[in-house]
Amino acid sequence: MENALNSIKPSEIEDTLVALFEKEKKSNLVKASLFNLIIYTEDTERENYLVHLTKSLIKKFPCRIIFITESSKEGDFLNTKVSALRPEGEDDGFFCELIHFEVSKSYKERISYLVTPHLIPDLPVYLLFAKDPSSGDTPTTLGLDAFPSRIIFDSEYMGHMSEFCSYIATLQQENIDIGDLNWARFASWRSVISKVFSRKEKQKLLATCEEITIRYNSHSNEAFHHNKIQATYLQGWIATNMYWKFETVLCEGGKIVVNYTSKYGTHKIYLEQSSPDESIHPGKITSVVIKNQTESTSFEREESSDHLIKITHCNPNGCEIPVLYPLASEGTGKSLTREIYSRDTSPDFIACIKLLANWNSGIICS
């Protein structure tokens, strides 16, 4: 963590924050906070990614950050540091206060008592829980569920997606406002598909489609382990909105094949890897092709400009002139910003979660 002062006792946090304010004021930096953000993670390669994510977020949405790292080191300890966190690429203007706790596994249940006194009163509280709940540690077991306005997960951390979905479905029954960064990361794809099939003449193709192929970027990265998740969410979103009945999911020739039925017959959805593309993040959707016996509509990222989707519709009479649709910015911090400022829990998200909870646990994140 940058600009960190020496390790201090938890009782010295407030005095250290005052000293930090005086120090940064001499550099003409202003302290800014719109809300409180608590981040809970483990000391893995993802920790650096979360710091980068936070720096991107505070460019436009400064906040007080309480960063909790569960250490894999042996022993009983709690290390506390206070830092000035500045936006990515910014040298002046403002800073955000960062309180960093590094806690041993044996002390992690105590952390909630240290967090509470340092939340800025009268400001919303958001929790980004970046750990797999199937490990046994959840916001509830760690005492971190009492004060957040919203709990945000990152399904990149999940070992078994269906177990994660089952947990989220249970949490939602307790009327806790929840979200997932991976759900936010493909919001533009849901938007463009909704707009195309909102036209009555296009709706029949989707309702009667026999086959949908969703391709995702297979490029690997140390911070992104599960490349199928956004594609899996997308197929679930389509299926639940069309009220299809889930039948089976299996692997065939390296592809995931999901079978659904409806009054129009059977519907197969294929999830496939596309050629690795290091210009976009791992797991991002690269194309969607929807077909029935007579028509097809395809959505494909433009190779020369990956923020554009080329939409092509073909029928027995020929193909329409392709249309280009701009994707909203897919920057690193956008997904976190979107989830923080979302109102309530998305009904589409919950419907998809309930569907995926019935899947074989090893299919998605094997």
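Residues numbered from 1 in each chain as written. Predicted model: local features only at pLDDT ≥ 70, side-chain atom pairs only at ≥ 80, totals over all residues. Heavy atoms only, no water.

1. What about the nonpolar core?
In summary, soluble globular proteins display a tendency toward joint burial of nonpolar side chains. Counting residues in each nonpolar core, the largest one holds 102 residues, and the members touching the most others are Ile212, Tyr233 and Phe299. Discounting chain neighbours no more than four positions away, the residues touching phenylalanine 299 are Trp189, Val192, Ile193, Val196, Phe197, Thr286, Ser287, Val288, Ile290, Ile309, Lys310 and Ile311. (Core = buried A, V, L, I, M, F, W, Y, C linked by side-chain atoms within 4.5 Å. Buried < 20%, exposed > 50% of the residue type's maximum accessible area, 1.4 Å probe, protein only. Contact = heavy atoms within 4.5 Å.)

2. Topic: helix H2 (residues 46–57)
Counted at 1.5 Å a residue, the expected span for H2 with its twelve residues is 16 Å, and the 16 Å between its end C-alpha atoms agrees. Among the residues of H2, those classed as buried are Arg46, Glu47, Tyr49, Leu50, Val51, Leu53, Thr54, Lys55 and Leu57. (Helix = DSSP H or I, 4+ residues; strand = E, 2+ residues; numbered from the N terminus. Expected span 1.5 Å × (residues − 1).)

3. Let's talk about unusual backbone geometry
Positive phi values are uncommon outside glycine, yet aspartate 122 reaches one of about 65°. Looking at where aspartate 122 falls in the secondary structure, it is placed in the loop between helix H3 (111–115) and strand S6 (125–129). The exposure class of aspartate 122 is exposed, given its relative accessible area of 82%.

4. A word on the pattern of salt bridges
Applying the stated criterion across every chain yields a total of 18 salt bridges. For lysine 131, the salt bridge identified is with glutamate 70, shortest N-O distance 2.8 Å. Here the residue lysine 131 occupies a position in the loop between S6 and strand S7 (150–153), and glutamate 70 occupies one in strand S3 (residues 64–70), the gap between them amounting to 61 residues. Taking relative accessible area as the criterion, lysine 131 reaches 3% and is therefore assigned buried. One salt bridge in this structure joins glutamate 272 and arginine 215, with 3.1 Å as the shortest N-O distance. Of the two residues, glutamate 272 is situated in strand S12 (residues 265–274) and arginine 215 in strand S9 (residues 211–217); the sequence distance between them amounts to 57 residues. Taking the relative accessible area as the measure of exposure, glutamate 272 reaches 11% and is therefore buried. The class for arginine 215 is partly exposed, based on a relative accessible area of 29%. (Salt bridge = Lys/Arg side-chain N within 4 Å of Asp/Glu carboxyl O.)

5. Regarding the environment of arginine 301
With respect to the helices and strands, the residue arginine 301 is situated in strand S14 (residues 296–301). In this structure arginine 301 comes out as buried when scored by relative accessible area, which is 10%. In sequence terms arginine 301 and leucine 324 are 23 residues apart; their C-alpha atoms lie 9.4 Å from each other. For arginine 301, the side chain forms a polar contact with the main-chain oxygen of isoleucine 285, separated by 2.7 Å. (Polar contact = N/O pair within 3.5 Å; in protein donor to acceptor, adjacent residues only side chain to side chain.)

6. Some thoughts on the state of the cysteines
Each disulfide is one covalent bond, formed between the sulfur atoms of two cysteines. Enumeration according to the criterion identifies one disulfide in this entry. Sulfur-sulfur distance for the disulfide between cysteine 314 and cysteine 319 comes to 2.0 Å. Its torsion about the S-S bond being 105°, the disulfide of cysteine 314 and cysteine 319 is classed as right-handed. Cysteine 352 forms no disulfide, and the closest cysteine sulfur to it belongs to cysteine 165, at a distance of 7.0 Å. (Disulfide = S-S within 2.5 Å.)

7. Details of the layout of surface pockets
Put simply, the largest pocket is a space of about 330 Å³. Lining the largest pocket are 14 residues, with Ser274, Thr286, Glu300, Arg301 and Glu303 positioned closest to its centre. When the residues that make up the lining of the largest pocket are grouped by side-chain class, the tally is one nonpolar, five polar and eight charged. When its volume is computed, the second largest pocket comes out at roughly 190 Å³. Around the second largest pocket, the lining residues are Ile193, Ser194, Phe197, Ser198, Gln203, Leu206, Trp237, Ile238, Asn241 and Met242. Those elements that place two or more of their residues in the lining of the second largest pocket are helix H6 (187–196), helix H7 (200–208) and helix H8 (229–241). (1 Å grid on protein atoms, 1.4 Å probe; cavity = no way out; pocket = protein on both sides within 12 Å on 5 of 7 lines; lining within 4 Å. Points joined across faces, edges and corners; volume = space filled by probe spheres on them. Nonpolar A, V, L, I, M, F, W, Y, C, P; charged D, E, K, R; others polar.)

8. Here we look at the packing of helix H4 (residues 161–172) against helix H10 (residues 347–356)
Two elements in contact, H4 and H10, have axes whose closest approach is 8 Å; the angle formed by their N-to-C orientations is 130°. Judged by the angle between their axes, H4 and H10 are oblique. Considering how the two elements wind past one another, H4 and H10 form a crossing that is left-handed. Between H4 and H10, the contacting residues are Ser162, Cys165, Ile168, Ala169 and Gln172 on the first element and Phe349, Ile350, Ile353, Lys354 and Leu356 on the second. Considering only residue class, the contact of H4 with H10 consists of seven nonpolar, two polar and one charged. (Axes fitted to C-alpha atoms, helices over the stretch in contact; angles between N-to-C directions. Parallel < 35°, antiparallel > 145°, perpendicular 65-115°, else oblique. Left-handed = near helix turned anticlockwise from the far one by under 90°.)

Interpretation in functional terms is not warranted from these geometric data alone.
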